[in-house]
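Observations on the three-dimensional arrangement
Letter by letter, the chains look like this.
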Amino acid sequence: MRKFTEEELKGSDGKNGKPSYVAMGGNVYDVSASGLWKNGVHMGQHHAGNDLTEHFVRAPHCTEVFERVKLVGKLKKKTTAESRPKTTPQWAQLILALHSHPIMVHFPQAFFSFAPIFLMLFYLFRNPHFERTAYFLLVSGFIMITPTFITGLFHWVYKYGKSQSGVFKFKIVMSLILFIYAGALLSFHTVRGAIPADPVDFSIAVMYIFLIPIIVSLGYAGGTIVFGGRK
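Residues numbered from 1 in each chain as written. Predicted model: local features only at pLDDT ≥ 70, side-chain atom pairs only at ≥ 80, totals over all residues. Heavy atoms only, no water.

Turning our attention to the pattern of salt bridges. Under the counting rule described, the total for this entry stands at two salt bridges. Of the charged contacts in the structure, one is a salt bridge between Arg132 and Glu131, with a shortest N-O distance of 2.7 Å. Note on Arg132: relative accessible area 26%, which makes it partly exposed. The buried category is assigned to Glu131, whose relative accessible area is 2%. Here Asp201 makes a salt bridge to Arg192, at a shortest N to O gap of 2.4 Å. (Salt bridge = Lys/Arg side-chain N within 4 Å of Asp/Glu carboxyl O. Buried < 20%, exposed > 50% of the residue type's maximum accessible area, 1.4 Å probe, protein only.)

Now the structure itself:
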């Protein structure tokens, strides 16, 4: 069976009519016939011609998927310690397996999305319980920002190798903006206390509504990272 060097593997990147080869666990596979590897790119983030072993931890599928493609050779291992790829520590892999950030991120998304909805219901039906619900959803969302941000940083470091691509930078910046903005809104509403239904307080209503585009942009960035797209 043919043995590939890393340089030879890079030559099969699926571009300009070249085959698409990827390495996984020391084996080299031909994924050229797979529709998921069009032009040597998978889900907008994995590129043919590379050893994907260290990146496989982020994949939503198991190694059995490689049974569906052709095994064409073995990848030659480098012998020097300096050339060995860095591996994710075992303890970090165990934490990543818990999917802490994908779980955690849904809480602030839900709280901050429903807070402005309940505030609008308050003005529509004049029911003070809706105003209090909007406020407590805001409080809950703000509380959940910190653990969500911490788990997100953990995944960025140990799952995505501190990737410097634009989508990660955008997500980090927008997370900080959300923390500052939600904190300011929470402080403002806390100082105001329970607000009356009449007249409509447009200042606080607009601030609540602006939570939605922030949350949507963060959700879109997260979807881009997981499912592929422009980075």
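This brings us to the sheet that holds strand β3 (residues 27-30). Whenever strands of a sheet pair, they do so through backbone hydrogen bonds, lying parallel or antiparallel. Strand order in the open sheet formed by four strands is β1-β6-β3-β2, and the pairing between neighbours is mixed. At either end of the open sheet lies a strand with only one pairing partner, and these are β1 (3-4) and β2 (21-24). In terms of strand pairing, β2 meets β3 through four bridges, oriented antiparallel. When the sheet's bridge partners are listed, Tyr21 is paired in β3 with Asp30. (Pairing = 2+ DSSP bridges. Helix = DSSP H or I, 4+ residues; strand = E, 2+ residues; numbered from the N terminus.)

Cis geometry is found at the peptide bond from Asp198 to Pro199, where omega equals 5 degrees. Within the secondary structure, Pro199 sits in the loop between α6 (166-192) and α7 (202-209). Here the phi dihedral of Asn16 falls at roughly 55 degrees; this positive angle occurs in a residue that is not glycine. Within the element layout of this structure, Asn16 appears in the loop between α1 (6-10) and β2. Positive phi values are uncommon outside glycine, yet Lys162 reaches one of about 55 degrees. Turning to its location among the elements, Lys162 is positioned in the loop between α5 (128-158) and α6.

Nonpolar side chains collect at one region of the surface, where Val200, Phe202, Val206 and Phe210 lie side by side and expose about 380 Å² of accessible area between them. With respect to the helices, strands and loops of the structure, Val200 is situated in the loop between α6 and α7. (Patch = residues over 30% accessible without salt bridge, like charges linked within 9 Å, V, L, I, M, F, W, Y side chains within 5 Å. Areas by Shrake-Rupley, 256 points an atom, 1.4 Å probe, with all protein chains shown as cover.)

This part is about the packing of α6 against α7. It is the contact of α6 with α7, at a shortest axis distance of 11 Å, that shows an interaxial angle of 150 degrees. By the angle between their directions, the pair α6 and α7 is classed as roughly antiparallel. In this structure, α6 crosses over α7, and the sense of that crossing is left-handed. Where α6 approaches α7, its residues Tyr181, Leu185, Phe188 and His189 are matched on the opposing element by Ser203, Ile204, Val206, Met207 and Tyr208. Here the contact of α6 with α7 is built from residues that sort into seven nonpolar, two polar and no charged. (Axes fitted to C-alpha atoms, helices over the stretch in contact; angles between N-to-C directions. Parallel < 35°, antiparallel > 145°, perpendicular 65-115°, else oblique. Left-handed = near helix turned anticlockwise from the far one by under 90°. Contact = heavy atoms within 4.5 Å. Nonpolar A, V, L, I, M, F, W, Y, C, P; charged D, E, K, R; others polar.)

In this section: the side chain of Ser100. Secondary-structure assignment places Ser100 in helix α3 (residues 100-104). Judged by relative accessible area, Ser100 falls into the buried class, the value being 18%. Contacts of Ser100, omitting those with residues within four sequence positions, involve Ile95, Thr151 and His155.

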